Amino acid sequence: DDTRDITYAKLKDEVSKAANALTDLGVEKGDRVAIYMPMIPEVVVAMLACARLGAPHTVVFGGFSADALASRITDCDAHVVITSDGGYRRGAASALKPAVDEAVEKAAGEGHEVRKVLVVRRTGEEVEWNDDRDVWWHELVDSQSAEHELEFFDSEHPLYVMYTSGTT
């Protein structure tokens, strides 16, 4: 039952701050970013921030397994993952970060390195932490400037990478 009201102006500021944060993490035009999050406003902020940078994103449903996430991370060559400590299902906290940690390890086993994992604090549950890789959203994004220089991209520049369940 929690809610947030976000104006278009506030959304623009949050997207600019997230774009600046992703830039600080080394994301550039053409880099792919995997998003594995619950249904919270930061999902939209992350997608729009990636678009602002020209960094195609792939959204992976938070209910998918670590194996499914790892295969998508590896396939689209994502070096940054945006996630949350967890989400809520039927009112109970449900962890997401452990699946990301497992997926990152599986991807590494296939020779693919995820350099950074940006983590939104949603449930406040304890999570395993890798100081060299993991970064809290509220520490990095919230400290950024709300000003970001907009760049235009060719109409054929990829916006996102979409995977199907295999049934289509």
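It should be noted that the structure appears before, not after, this text.
Summarised in this report is the structure supplied together with it.

Parameters and conventions
- Residues numbered from 1 in each chain as written.
- Predicted model: local features only at pLDDT ≥ 70, side-chain atom pairs only at ≥ 80, totals over all residues.
- Heavy atoms only, no water.
- Axes fitted to C-alpha atoms, helices over the stretch in contact; angles between N-to-C directions.
- Helix = DSSP H or I, 4+ residues; strand = E, 2+ residues; numbered from the N terminus.
- Parallel < 35°, antiparallel > 145°, perpendicular 65-115°, else oblique.
- Left-handed = near helix turned anticlockwise from the far one by under 90°.
- Contact = heavy atoms within 4.5 Å.
- Pairing = 2+ DSSP bridges.
- Phe/Tyr/Trp six-rings, centres within 6.5 Å; stacked < 30°, edge-to-face > 60°.
- Buried < 20%, exposed > 50% of the residue type's maximum accessible area, 1.4 Å probe, protein only.
- Lys NZ or Arg CZ within 6 Å of the ring centre and 35° of its normal.
- Patch = residues over 30% accessible without salt bridge, like charges linked within 9 Å, V, L, I, M, F, W, Y side chains within 5 Å.
- Areas by Shrake-Rupley, 256 points an atom, 1.4 Å probe, with all protein chains shown as cover.
- Salt bridge = Lys/Arg side-chain N within 4 Å of Asp/Glu carboxyl O.
- Lys, Arg positive; Asp, Glu negative; His and termini not counted.
- Expected span 1.5 Å × (residues − 1).
- Core = buried A, V, L, I, M, F, W, Y, C linked by side-chain atoms within 4.5 Å.

1. Considering the packing of helix H3 (residues 66-76) against helix H4 (residues 97-109)
(1) Moving on: Between H3 and H4, the least distance of the axes is 8 Å, while the angle of their chain directions is 50°. Taken together, H3 and H4 sit at an angle that is classed as oblique. Where H3 crosses over H4, the handedness of that crossing is right-handed. From H3, Ala-66, Asp-67, Leu-69, Ala-70, Ile-73 and Thr-74 reach across to H4, where they touch Ala-99, Val-100, Glu-102, Ala-103, Lys-106 and Ala-107.

2. Focus: the pairing of strand E4 (residues 86-89)
(1) Moving on: Here E4 runs beside strand E5 (residues 92-95); their pairing, made up of four bridges, is antiparallel. Note on E5: the bridge partner recorded for Tyr-88 is Ala-93.
(2) Moving on: What sits between the antiparallel neighbours E4 and E5 is a turn of two residues, in which Arg-90 has the positive phi angle 50°.

3. Description of the packing of aromatic side chains
(1) Moving on: Counting across every chain of the model gives two aromatic pairs.
(2) Moving on: Ring plane angle 90° and centroid distance 5.5 Å describe the contact between Phe-61 and Phe-64, whose orientation is recorded as edge-to-face.
(3) Moving on: Judged by relative accessible area, which is 53%, Phe-61 ranks as exposed.
(4) Moving on: A relative accessible area of 32% places Phe-64 in the partly exposed class.
(5) Moving on: Arranged with centres 4.5 Å apart and planes meeting at 15°, the rings of Trp-129 and Trp-136 form a pair that is stacked.
(6) Moving on: Overall, the relative accessible area of 30% leaves Trp-129 in the partly exposed class.
(7) Moving on: In this structure, Arg-121 is placed above the aromatic ring of Trp-136, and the distance from its NZ or CZ to the ring centre is 4.3 Å.

4. A closer look at a nonpolar patch on the surface
(1) Moving on: Taken together, the side chains of Leu-159, Tyr-160 and Met-162 make up a nonpolar region of the molecular surface, amounting to roughly 340 Å² of accessible area.
(2) Moving on: Among the structural elements, Met-162 can be located in the segment after helix H5 (137-140).
(3) Moving on: Classification of Met-162 as exposed rests on a relative accessible area of 61%.

5. Some details on the side chain of Arg-72
(1) Moving on: If you trace the backbone, Arg-72 turns up in helix H3.
(2) Moving on: Of the side chains with opposite charge, Asp-75 comes closest to the buried, unpaired Arg-72, at an N-O distance of 8.3 Å.
(3) Moving on: Not counting residues up to four positions away in its chain, the partners in contact with Arg-72 are Val-60, Phe-64, Tyr-163 and Thr-164.

6. Structural notes on helix H2 (residues 41-53)
(1) Moving on: In this model H2 runs 19 Å from its N-terminal to its C-terminal C-alpha over 13 residues, within 8% of the 18 Å that 1.5 Å per residue would give.
(2) Moving on: What H2 keeps buried is the set Glu-42, Val-43, Val-45, Ala-46, Ala-49, Cys-50, Arg-52 and Leu-53.
(3) Moving on: Buried residues along H2 sit against helix H1 (8-24), strand E1 (32-36), strand E2 (57-59), strand E3 (78-84), strand E6 (116-120) and H5.

7. Some details on the pattern of salt bridges
(1) Moving on: Under the criterion given, the structure shown has 12 salt bridges.
(2) Moving on: Where Asp-67 meets Lys-106, a salt bridge forms, and the shortest distance between an N and an O atom there is 2.9 Å. Of this pair, Asp-67 sits in helix H3 while Lys-106 sits in helix H4, and the two are 39 residues apart along the sequence.
(3) Moving on: A relative accessible area of 47% places Asp-67 in the partly exposed class.
(4) Moving on: One salt bridge connects Asp-134 with Arg-133, and the closest N-O pair in it is separated by 2.9 Å.

8. Digging into the nonpolar core
(1) Moving on: With 26 residues, the main nonpolar core has Leu-22, Val-27, Val-33, Met-37, Ile-82, Leu-118 and Trp-137 as its most contacted residues.
(2) Moving on: In terms of residue count, H2 provides more of this core than any other element does, six residues in total.
(3) Moving on: Residues contacting Val-33, with those up to four places away along its chain left out, are Val-27, Cys-50, Ala-55, Pro-56, His-57, Thr-58, Ala-78, Val-80 and Ile-82.
(4) Moving on: The next biggest cluster of nonpolar side chains, apart from the first, holds 21 residues, and it includes Tyr-36, Leu-69, Ala-70 and Ala-99.

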